[in-house]
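Coordinate analysis (summary)
Below, each chain spelled out in residue letters.
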Amino acid sequence: MALLVLSASAQESPRRDEVYSARVSRVFDGDTVWVKPLAGGPYRKLRLEGIDAPEICQSGGKASRDVLAQRVLNQVVEVRVRAQDDYGRGVARIVHQGDDVAAWMVSAGQAWSYGWRRSQGPFAEEETFARAQKRGVFKEAAPELPRDFRKRHGPCPMPPRG
């Protein structure tokens with residue numbers, strides 16, 4: 001009986017974010033990276049929380065990936081995994097040299113603030129700035145949201161490793 005009570009109370013406690021330092025080993029696209037925790041363990045595939053970057057086969061997709069890679073590839077970052085997405089990736093806030101990498105990507109015009117329903121998302125100010133400055137994907141008059149691109153074209157073919 002005591003074990004049941006302990007089990008039930010353990011399930012009711014809020015899940016804490018997983019926080020660790022890691023080295024970025026691969027940049028898959030403008031919002032997905034692979035990291036190797038510095039404390040050891042397997043490589044982990046992470047999606048940057050709060051943004052949506054162009055698909056790799058979409059206009060601006062390779063540029064978005066390259067900008068992210070220039071910033072974080074082979075660099076040590078702080079990771080805070082908040083959830084898992086439908087593809088098994090950790091959804092994470094990633095900080096490099098004190099900067100939230102997702103906010104930085106949106107400010108650079110390489111991703112959209114991920115809005116949901118009536119919310120403009122967590123980086124609406126950064127997106128407004130990037131649009132006003134015509135940075136990255138916002139150089140185009142009407143850049144297509146990645147979710148709209150995916151609806152029209154489906155997933156991109158897997159990019160070559162490199």
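The structure displayed is predicted, hence computed values, not measured ones.

1. Topic: helix α4 (residues 124-133)
If you check which residues of α4 are buried, you get Ala124, Glu127 and Ala130. The arc that holds the buried residues of α4, viewed along the axis, is 125 degrees, so those residues lie on one side. Exposed positions of α4 whose direction lies more than 90 degrees from the buried face are Glu125, Thr128 and Ala132. Tucked inside the fold, the buried residues of α4 contact α3 (101-107) and β8 (112-113). Phi turns positive one or two residues past the end of α4, at lysine 134, with a value near 55 degrees.

2. Overview of the nonpolar core
Within the largest apolar cluster, 25 residues are counted, with the highest numbers of intra-cluster contacts made by Val33, Leu46, Ile51, Leu68, Val79 and Ile94. Only β1 (18-29), β2 (32-37), β3 (44-48), α2 (61-72), β5 (76-84), β6 (90-96) and α3 provide two or more residues apiece to this core. A total of 5 residues in this core trace back to one element, the largest contributor, which is α3. In contact with valine 79, other than residues within four places in its own chain, are Glu18, Val19, Tyr20, Ala22, Leu46, Ala92 and Arg93.

3. Looking at the packing of aromatic side chains
Enumeration according to the criterion identifies 1 aromatic pair in this entry. Judged by centre distance (5.6 Å) and plane angle (75 degrees), the ring pair of tryptophan 112 and phenylalanine 138 falls under edge-to-face. Of the two residues, tryptophan 112 sits in strand β8 while phenylalanine 138 sits in the loop between α4 and α5 (146-153), which places them 26 residues apart along the sequence. Accessibility expressed as a relative area gives 3% for tryptophan 112, which makes it buried. Directly above the aromatic system of tyrosine 43 lies the positively charged group of lysine 36, at a separation of 5.0 Å from the ring centroid. Here arginine 71 stacks its cationic end above the ring of tryptophan 104, 4.8 Å away from the centre of that ring.

4. Digging into the pattern of salt bridges
One side chain can pair with another of opposite charge once the charged atoms of both are near each other. For the structure shown, the criterion picks out 14 salt bridges. Ionic pairing is found between aspartate 17 and arginine 80, a salt bridge with its closest N-O pair at 3.7 Å. Of this pair, aspartate 17 sits in the loop between α1 (2-12) and β1 while arginine 80 is found in strand β5, placing the two residues 63 residues apart along the sequence. With its nearest N and O atoms 3.2 Å apart, the salt bridge here joins arginine 47 to aspartate 31. Of this pair, arginine 47 sits in strand β3 while aspartate 31 is found in the loop between β1 and β2, placing the two residues 16 residues apart along the sequence. This pair shows no difference in class: arginine 47 is buried, exactly as aspartate 31 is.

5. Details of the environment of serine 21
With respect to the helices and strands, the residue serine 21 is situated in strand β1. For the pair serine 21 and arginine 80, spaced 59 residues apart in the sequence, the C-alpha separation amounts to 8.9 Å. In contact with serine 21, not counting residues within four places along its chain, are Pro37, Leu38, Val77 and Glu78.

6. Let's talk about the pairing of β1
Examined bridge by bridge, β1 and β5 share 6 bridges and lie antiparallel to one another. Pairing of valine 19 across the sheet is with arginine 80, part of β5. By the bridge criterion, 6 bridges tie β1 to β2 in an arrangement that is antiparallel. Of the residues in β2, the one forming a bridge with alanine 22 is proline 37. Hairpin connection of β1 to β2: 2 residues between the antiparallel strands.

The rules we used
- Residues numbered from 1 in each chain as written.
- Predicted model: local features only at pLDDT ≥ 70, side-chain atom pairs only at ≥ 80, totals over all residues.
- Heavy atoms only, no water.
- Buried < 20%, exposed > 50% of the residue type's maximum accessible area, 1.4 Å probe, protein only.
- Helix = DSSP H or I, 4+ residues; strand = E, 2+ residues; numbered from the N terminus.
- Arc of directions from axis to C-beta.
- Contact = heavy atoms within 4.5 Å.
- Core = buried A, V, L, I, M, F, W, Y, C linked by side-chain atoms within 4.5 Å.
- Phe/Tyr/Trp six-rings, centres within 6.5 Å; stacked < 30°, edge-to-face > 60°.
- Lys NZ or Arg CZ within 6 Å of the ring centre and 35° of its normal.
- Salt bridge = Lys/Arg side-chain N within 4 Å of Asp/Glu carboxyl O.
- Pairing = 2+ DSSP bridges.

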